[in-house]
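A structural walkthrough
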Amino acid sequence: MEVLQNMSDAVTENDGPAPMGAVEQLARDDVERKKFLRMVGRGVGAAGAAGAFGAFLAACGSSSKSSSTGSGASTSASTGASTSATASGGGDLAIANYALTLEYLETEFYEKVVASGLFSGAQASLIKKFGHEEQQHVDALISLIKAKGGTPAAKPTGKFPIKSAAGVVKLAATVENLGANAYLGQAPNIKDKDVLAAALSIHTVEARHAATLQTLLKQPISPDGAFAKPADMKTVLAAVKPFIA
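Residues numbered from 1 in each chain as written. Predicted model: local features only at pLDDT ≥ 70, side-chain atom pairs only at ≥ 80, totals over all residues. Heavy atoms only, no water.

**Describing the nonpolar core**
Within soluble globular proteins, side chains that are nonpolar generally end up buried alongside one another. Definition in use: Think of a nonpolar core as a cluster: buried Ala, Val, Leu, Ile, Met, Phe, Trp, Tyr and Cys residues, connected wherever their side-chain atoms sit within 4.5 Å. Here the term buried applies to any residue with accessible area under 20% of the maximum for its type, exposed to any over 50%, and partly exposed to those in between, with areas from a 1.4 Å probe on protein chains only. Under the DSSP-based scheme used, a helix requires at least four consecutive residues in state H or I and a strand at least two consecutive residues in state E, with every element numbered from the N terminus. Here, two residues are considered to be in contact whenever any of their heavy atoms come within 4.5 Å of each other.
The biggest cluster of nonpolar side chains holds 27 residues, and the ones touching the most others in it are Tyr98, Phe109, Tyr110, Phe119, Leu213, Val236 and Val240. Secondary structure elements with two or more residues in this core: α6 (91–116), α7 (121–147), α8 (165–186) and α10 (233–240). At 8 residues, α8 tops the list of elements feeding residues into this core. If we skip the residues at most four places from it in the chain, Phe119 touches Val113, Ala124, Ile127, Ala165, Val168 and Val169.

Below, the structure written as structure tokens:
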């Protein structure tokens, strides 16, 4: 828990005006947005990338209106902020390590569920698939953090109440919805487009996991309606605290 709290402290949340984040910059700059969507589209498909980014903009409350300073000045400010955050080990790297820690916990959760033997057949295969995808998220975030000159967070030890199949599915839905909302909550704070692209591509998978589990529970696929609700870091940390040994 202390590790997660340190990450929270490393993400700057000053009272003064914050540098323009990647989401806002991309909303304002058509050329940069097209480049970004092509980059994300290599992993999720161009149409999926455009739709997912549109959902990010709607949920984050970003505006596509042009900046009074011009796109050139916006790009310069964003680039400078990104370099500073990466060099200091805070900012985007702290967010990436925060995401990595959540992915560690999700991966361990699914591993323990598989080992519990509570599921068989198609349900067991689905859980294994989810766990495999969470492991891929871990691997991708570790590679990204190293590529940006950072040190990946240490893997925490999880503790999960795995007692019944019904309880596991309910907990899995809660965890996946929280994960999707956590990525959405950090989107406006991200300055580096590579970090944003990773967050966007993982966010959509977390949401699909959540929707599948909501269906199994016979609950609404979109519990928050047409627009997902971002979860801030404090909310997420409080929610995952019981699952860290």
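Back to the text.
**What about the pattern of salt bridges?**
Here is the rule: Only one rule defines a salt bridge in this text: a Lys or Arg side-chain nitrogen within 4 Å of an Asp or Glu carboxyl oxygen.
Inspection of every chain in the model, using the stated rule, returns 4 salt bridges. Here Lys129 makes a salt bridge to Glu133, at a shortest N to O gap of 3.3 Å. Highlighted residues: Lys129 and Glu133, both in helix α7, separated by 4 residues, approximately one helical turn. Judged by its relative accessible area of 48%, Lys129 is partly exposed. Since its relative accessible area comes to 19%, Glu133 is described here as buried. A salt bridge links Asp192 to Lys148, with the nearest nitrogen and oxygen atoms 3.0 Å apart. Residue Asp192 is located in the loop between α8 and α9 (193–216), and its partner Lys148 is located in the loop between α7 and α8; the two are separated by 44 residues in the primary sequence.

**Quick look at the packing of α6 against α7**
Quick reminder of the rule: The axes are straight lines fitted to the C-alpha atoms, using for helices just the contacting stretch, and the angles between their N-to-C directions are given from 0 to 180°. Any angle from 65 to 115 degrees is called roughly perpendicular, while one under 35 is roughly parallel, one over 145 is roughly antiparallel, and all others are oblique. Whether a crossing is left-handed or right-handed is set by the direction in which the near helix is turned from the far one by less than a right angle, anticlockwise for left-handed and clockwise for right-handed. Under this grouping Gly is polar, as are all residues other than the nonpolar Ala, Val, Leu, Ile, Met, Phe, Trp, Tyr, Cys and Pro and the charged Asp, Glu, Lys and Arg.
Two numbers describe how α6 lies on α7: the axes approach to 8 Å, and their chain directions differ by 155°. If you check the angle between α6 and α7, you find them roughly antiparallel. The interaxial crossing formed by α6 with α7 has left-handed handedness. The residue inventory of the contact of α6 with α7, partitioned by class, reads 14 nonpolar, 5 polar and 5 charged.

**What about unusual backbone geometry?**
Of note, the phi angle at Lys218 is positive, near 60°, even though the residue is not glycine. Looking at the secondary structure, you find Lys218 in the loop between α9 and α10. Overall, Lys218 belongs to the exposed group, its relative accessible area being 77%.

The values are spatial; any link to function lies outside them.
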